[in-house]
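Below, each chain spelled out in residue letters.
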Amino acid sequence: MNRREFLKRIGVLGGGVIVYFTYGIPLAKAQTARGDLPAFNAFLRIGADGRIACYTGKIEMGQGVITSLAQMAADELNAPFDAIDMTMGDTDLCPWDRGTWGSMTTRFFGPKLREAAAEARAVLLEMAAESLHVPLDRLVAEDGAIFDRTQKSNRITYAQLTKGKVIERHLKGKAVLEDVSKFTVVGKPFLRSDALDKVTGKAEYAGDIRLPGMLYAAILRPPAHGAVLKTVNLSGAKQMLGVVVVQDGDLIAVLHEHPDKALEALTKIRAEFEPSKSTLDDKNIHDHLLSVASEGSIVKQGGSLETGRSLAADLFESTYVNGYVAHAPMETHTALAEVKDGKATIWASTQTPFGVRDQVAGTLGMSSADVRVKPVFVGGGFGGKSASRQALEAARLAKLTGRPVQVAWSREEEFFYDTFMPAAIVKVRSGVNASGSIVLWDYTVCFAGSDGADLFYNVPHHKEISCGSWQGSGGSHPVGTGPWRAPATNTNSFARESQMDIMAAKVGKDPVEFRMAHLEDERMRRVLEAAARKFGWKPSRAPSGRGCGVACGIRSGAYVATMAAVEVDKSTGRVQVKRVVHAQDMGLVINPEGAKQQVEGCIVMGLGYALREEIRFKNGEILDLNFDTYQIPRFSWTPAIETVLIEEDSAPQGGGEPPIVCVGAVLANAVFDAVGARVYRFPMTPDRILAAMKGA
Amino acid sequence: MIEAIQFKLNGEQVRLSVDGERMLLWVLRTDLGLTGPKYGCGQEQCGACTVLVNGEAVLSCQMPVKEVKGKEVVTIEGLAGSGELHPLQKAFIEHDALQCGFCTPGMILKAHSLLIKTPRPTREQIIEGMDRNLCRCGTYPRIVQAIEAASKEVKGGTK
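Asker: Quick question: what am I supposed to make of the overall build of chain A here?
Answerer: Along its length, chain A carries 19 helices and 29 strands. Taken against the 2.2 N^0.38 rule, which gives 26 Å for 696 residues, the C-alpha radius of gyration of chain A at 28 Å falls within 12% of a compact globule. Its C-alpha atoms put chain A at 80 × 80 × 45 Å along the principal axes. Taken over 696 residues, chain A has a buried fraction of 54%.

This is the structure we're talking about:
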């Protein structure tokens, strides 16, 4: 695409100010995708229609950045919030982006967007100075217009300024940012800008796009991971009226103009599979993982473990374990593909539109420039839609049939192909000296990943090792694994915060007091204090019988402290979480309402991995394939949730992940406080709680 | 078996010639082009496909289309009257009671049916009535608030 074509496509030929910027992603990628265009990977334009458009490769999947990014742009440009149009995840219009994950949108894209907006405002002010014949220092930008401070009627709008002129700028160096205290949009609670479309059914998800002549596909799947197709008889399906049958190597699919008819045709296929050779199941998986774990690498260390051991009056050895946990977004992986005239167009529920573009290009043998991934709303991701196998399947089938094809996974396929939170093991050996100070922390996490493994408590002799990543390595995981909301950090918080409480109980200290005694970091101390104040924490040695717990964590630059009150039914082992207080320092809060929404969502979602969710599997077969046996949190599980956001003017940090990282840990500690039994394995099912109570 | 099926959909009569055993969800989404009802599980486990049949919330993923013959079906597209949002829709917006939005149509219609039966529900009645509808984003607390707020605006489920 040449420059003129590009400008035409983004609608600035009639005039506009356009600011290109980059935000820490390799430029080479952006350049290859853009041909002769200069290197940048995001841009902002102020059009002659007065609309301000922000183009980003990030996507909206419920986390609310469609609103918070617009808030940032509005304030920095002194423009009304509703003059901002967000164009997200269209690979033809939006510059290259690696993907939407890791609570990175606000942290890394946000500040650059602000700088670009500030640069645009500077350009507009210069233009206004010339056009109004007023020196720069007398000009004020407000509400999408610029006026003379001494004579307010001498005024010109951004739209009038940009009409007929095309001004392009590349953000270099640092633009002069608006003082945060002058912000009128950022920091104010804003309701979601996509809400109207979502409550009326107008919001389009990948499965809602309709094209003339489109077919819906149902794909033949193996009964187990590792099962191999031996024989297949397609004649039954072929006899069904209106069914198109495709067999292309490993891809066998039946397609129909109605999705339910395609599913019916699938039941008519007779296929025999060689069983999977896997002997693993959800019971023996942890032994297997330990047997294949590599030596690992050091995440952080200080002092000497040997010295720590010699100083310890009490030693504590624990092993913490979790199983595989599904993402289970309400929308299953879905894609629609059209391949026509040498071009492919894809609508996909994905967290990585540019990854999908390049993979589709590779699969179809096309250039990336001939593949366009178009934006749709994504019905939940949580990390699980970083992988987008369904889009490649749709693209292949569209090419083979010559018609647009939708692939929408059934719930069973969604569970089967999910890239689960990995099963993991953490071994901790810690020690306290005679005066109750921690002197030793010997920590090894296997297969969860290293995020959140580095100790933030003050311990002189410590070593944290991580072996095996969450993606696993050859032969480690018998099922798909991948990033799951705050990868690794839920597992590492569980181990760290449980171990802290074990030591606190042994030395007879209140869990909050014990943590404070080992915390130097002022931010963490402040967050923990804020949580305790809101919760009304009354110091006591655990188990107090009250069912109160505390846990602290750091994730995506944000500091969190979570407190919970639970009730445990001692005869059934069932836990009801009554109340959760969550305090969070996430730097500058862009949209307090959105941030609170994320906190509540994280607390609710976290109940699942803590109390109930675990994928059962055997010999490659996934045994939990729907919500009847795989229970996710419901209305009736939900506690009262109170959020404390610490006012901060420092750089904004992540918000979509941090609030979940302590949910499991805080409940483990609260359960211990309630019944005096510690559960070392997630999820803390009633059976496991009863077993722990028997052993206690 | 292909049969003639007639019912009222969002206030208008529709006549279809379809296999009556096909599930209402797919007939709505494909034959009739109404994509508000969503597929979430296909097994009556999540509530994403909820629609109203004669004012009652039903799970359209397991309801054969022949069973709505002569009845009145309402999907999320038909809930707002002439341009005016239903109080439940307004309350969901005002309470930010959604994130990804995929469960939202089902949630709103389920709540609508709840308010017809129990116009002034207690918090416990809302939780009990809504408990089979799933939201993975975890917006439950806000949905409860939104339904409470809307119940004050709605009389017996109608505006």
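Asker: Explain the overall build of chain B to me, please; I cannot follow it from the model alone.
Answerer: The helix and strand inventory of chain B stands at five helices and five strands. For 159 residues, the compact-globule estimate of 2.2 N^0.38 gives 15 Å, and chain B sits close to it at 15 Å. Taken along its principal axes, the extent of the C-alpha atoms in chain B is 45 × 30 × 25 Å. Buried residues in chain B amount to 57% of all 159 residues. Pairs at least 24 residues apart make up 60% of the contacts formed inside chain B by residues separated by at least 6 positions.

Asker: Would you mind going over the domain arrangement of chain A with me for this structure?
Answerer: In many analyses, interface size is given as the accessible surface area lost on bringing the parts together. Residues and elements named next belong to chain A. Partitioning chain A into structural domains gives domain 1 (3–199), domain 2 (206–275 + 333–408) and domain 3 (285–324 + 420–695). Look at where the C-alpha atoms of domain 1 and domain 2 centre, and you get two points 37 Å apart. The interface of domain 1 with domain 2 comprises 16 residues on the first partner and 17 residues on the second.

Asker: In this structure, what is going on with the packing of helix H4 (residues 123–130) of chain B against helix H5 (residues 140–151) of chain B? I would like to understand it.
Answerer: Relative orientation and spacing of two packed helices are given, respectively, by the angle between their axes and the distance between those axes. All names here are of chain B. Look at H4 against H5: their axes get within 10 Å of each other, and the N-to-C directions meet at 120°. Relative to H5, the element H4 is oriented oblique. Where H4 crosses over H5, the handedness of that crossing is right-handed. Of the residues in H5, those touching H4 at Arg123, Ile126, Ile127 and Met130 are Ile143, Val144, Ile147 and Glu148. Residues belonging to the contact of H4 with H5 are distributed by class as follows: six nonpolar, no polar and two charged.

Asker: Would you mind showing me how to read the interface of chain A and chain B here?
Answerer: Each partner contributes to the interface: chain A provides 47 residues, whereas chain B provides 44 residues. Residue assignment for the side of chain A that touches chain B shows that the elements contributing at least two residues are helix H6 (195–200), helix H8 (259–266) and helix H17 (592–611) of chain A. Top contributing element to the side of chain A that touches chain B by residue count: H17 of chain A, with seven residues. For the side of chain A that touches chain B, a count of residues per class yields 22 nonpolar, 13 polar and twelve charged.

Asker: Looking at this model, I keep getting lost on the domain arrangement of chain B. Mind explaining?
Answerer: All names here are of chain B. With domains assigned, chain B is organised as domain 1 (2–78) and domain 2 (87–151). Spacing between the C-alpha centres of domain 1 and domain 2 amounts to 21 Å. Those elements that place two or more of their residues in the side of domain 1 that touches domain 2 are strand S3 (50–53) and strand S4 (56–59). Broken down by element, the side of domain 1 that touches domain 2 gets its largest block of residues, three residues, from S3.

Asker: How do you make sense of the sheet that holds strand S25 (residues 575–585) of chain A when you look at a structure like this?
Answerer: Backbone hydrogen bonds are what pair the strands of a sheet, in a parallel or an antiparallel way. Residues and elements named next belong to chain A. Strand order in the open sheet made by the four strands is S23-S24-S25-S28, with mixed pairing throughout. For this open sheet the edge positions go to strand S23 (548–555) and strand S28 (640–645), each flanked by a neighbour on one side alone. Sheet twist, expressed as the mean angle between neighbouring strand axes with direction ignored, is 15°. Here S23 pairs with strand S24 (residues 558–568) via eight bridges, running antiparallel. Following the sheet pairing, Val550 is matched in S24 by Met563. Where helix H18 (residues 663–675) meets the sheet, it contacts S23, S24 and S25, and its direction lies at approximately 35° from that of S24.

Asker: Explain helix H16 (residues 522–535) of chain A here, please?
Answerer: One full turn of an α-helix is made of 3.6 residues, so residues set three or four places apart face in the same direction. Residues and elements named next belong to chain A. Over its 14 residues, H16 extends 20 Å from the first C-alpha to the last, a length consistent with the 20 Å expected when each residue adds 1.5 Å. Buried within H16 we find Met524, Val527, Leu528, Ala531, Ala532 and Phe535. Seen along its axis, H16 keeps its buried residues to an arc of 135°; they face one direction. Facing away from the buried side of H16 by more than 90 degrees, the exposed set consists of Glu522 and Arg533. Summarising the contacts, the buried residues of H16 are in contact with helix H15 (511–517), S23, S24, S25 and S28.

Asker: What exactly am I supposed to notice about the sheet that holds strand S21 (residues 438–446) of chain A here?
Answerer: Pairing is mixed in the open sheet, where six strands are placed in the order S14-S22-S21-S20-S15-S29 (chain A). The two strands at the open ends of the sheet, each matched to only one other strand, are strand S14 (297–302) and strand S29 (681–682) of chain A.

Asker: Which parts of the structure should I look at to understand helix H12 (residues 389–401) of chain A?
Answerer: Residue and element names in this part refer to chain A. The end-to-end C-alpha distance of H12 is 19 Å, a good match for the 18 Å that 13 residues give at a rise of 1.5 Å each. A large share of H12 lies buried, amounting to ten of its 13 residues. If you check which residues of H12 are buried, you get Gln390, Ala391, Leu392, Glu393, Ala394, Ala395, Arg396, Leu397, Ala398 and Lys399. At the exit of H12 stands Gly402, carrying a positive phi of roughly 75°.

Asker: What is the right way to read the environment of Ala564 of chain A from this model?
Answerer: All names here are of chain A. Positionally, Ala564 belongs in strand S24. Once the C-alpha coordinates of Ala564 and Val292 are considered, the two residues, 272 residues apart in sequence, prove to be 37 Å apart. If we skip the residues at most four places from it in the chain, Ala564 touches Gly549, Val577, Arg579, Val580, Val666, Leu667 and Ala670.

Asker: Sorry, what's going on with the environment of Gln597 of chain A here?
Answerer: Following the sequence through the fold, Gln597 of chain A ends up in helix H17. By the C-beta count within 10 Å, which is 29 here, Gln597 of chain A ends up buried. In this structure, the C-alpha to C-alpha distance between Gln597 of chain A and Gly64 of chain A, residues 533 residues apart in sequence, is 8.9 Å. Leave out the neighbours within four places in its chain, and Gln597 of chain A touches Gly64 of chain A together with Asp96 and Gln99 of chain B.

Asker: What is the right way to read the packing of helix H3 (residues 104–117) of chain B against H4 of chain B from this model?
Answerer: Residues and elements named next belong to chain B. At a minimum axis separation of 10 Å, H3 and H4 run at an interaxial angle of 130°. When the axis of H3 is compared with that of H4, the two are oblique. Relative to H4, the crossing made by H3 is right-handed. The segment H3 lies against H4, with Lys110, Ala111 and Leu114 engaging Ile126, Gly129 and Met130. Among the residues forming the contact of H3 with H4, the class breakdown is four nonpolar, one polar and one charged.

Asker: Can you help me understand unusual backbone geometry in this one?
Answerer: For residues besides glycine, phi is generally negative; the peptide bonds are generally trans as well. In this chain, Ala542 of chain A is followed by Pro543 of chain A through a cis amide linkage whose omega measures 0°. A cis amide bond links Phe682 of chain A to the next residue, Pro683 of chain A, at an omega of -5°. Residue placement: Pro683 of chain A occurs in the loop between S29 and helix H19 (686–695). The backbone of Asn10 of chain B shows a phi angle near 50°, a positive value even though the residue is not glycine.

Asker: Looking at this structure, I do not really get the confidence of the model for chain B. What am I missing?
Answerer: Do not read the fine detail of predicted coordinates wherever pLDDT is low. Confidence in the prediction for chain B averages 95 pLDDT; 97% of positions are at 70 or higher. Interface confidence for the predicted complex, expressed as ipTM, amounts to 0.97; the pTM equals 0.94.

Asker: I would appreciate a short explanation of the pairing of strand S1 (residues 2–9) of chain B in the present structure.
Answerer: Sheet faces and side chains relate simply in a regular strand, where the side chains alternate between the two faces. Residues and elements named next belong to chain B. Examined bridge by bridge, S1 and strand S2 (residues 12–19) share eight bridges and lie antiparallel to one another. Looking at the pairing, Leu9 lines up with Glu12 of S2. Between S1 and S2, which pair antiparallel one after the other, the connecting turn spans two residues, and Asn10 there sits at a positive phi close to 50°. In this structure, S1 lies alongside strand S5 (residues 72–74), joined through two bridges in parallel fashion. In the strand pairing of S5, Lys8 is matched with Glu72.

Definitions and cut-offs
Residues numbered from 1 in each chain as written. Chains lettered and ligands numbered in written order. Predicted model: local features only at pLDDT ≥ 70, side-chain atom pairs only at ≥ 80, totals over all residues. Helix = DSSP H or I, 4+ residues; strand = E, 2+ residues; numbered from the N terminus. Rg over C-alpha atoms; globule rule 2.2 N^0.38 Å. Buried ≥ 20, exposed ≤ 12 C-beta atoms within 10 Å, placed from the backbone. Contact = placed C-beta atoms within 7 Å. Domains from an automatic or database assignment. Axes fitted to C-alpha atoms, helices over the stretch in contact; angles between N-to-C directions. Parallel < 35°, antiparallel > 145°, perpendicular 65-115°, else oblique. Left-handed = near helix turned anticlockwise from the far one by under 90°. Nonpolar A, V, L, I, M, F, W, Y, C, P; charged D, E, K, R; others polar. Pairing = 2+ DSSP bridges. Expected span 1.5 Å × (residues − 1). Arc of directions from axis to C-beta. pLDDT = per-residue confidence, 0-100.

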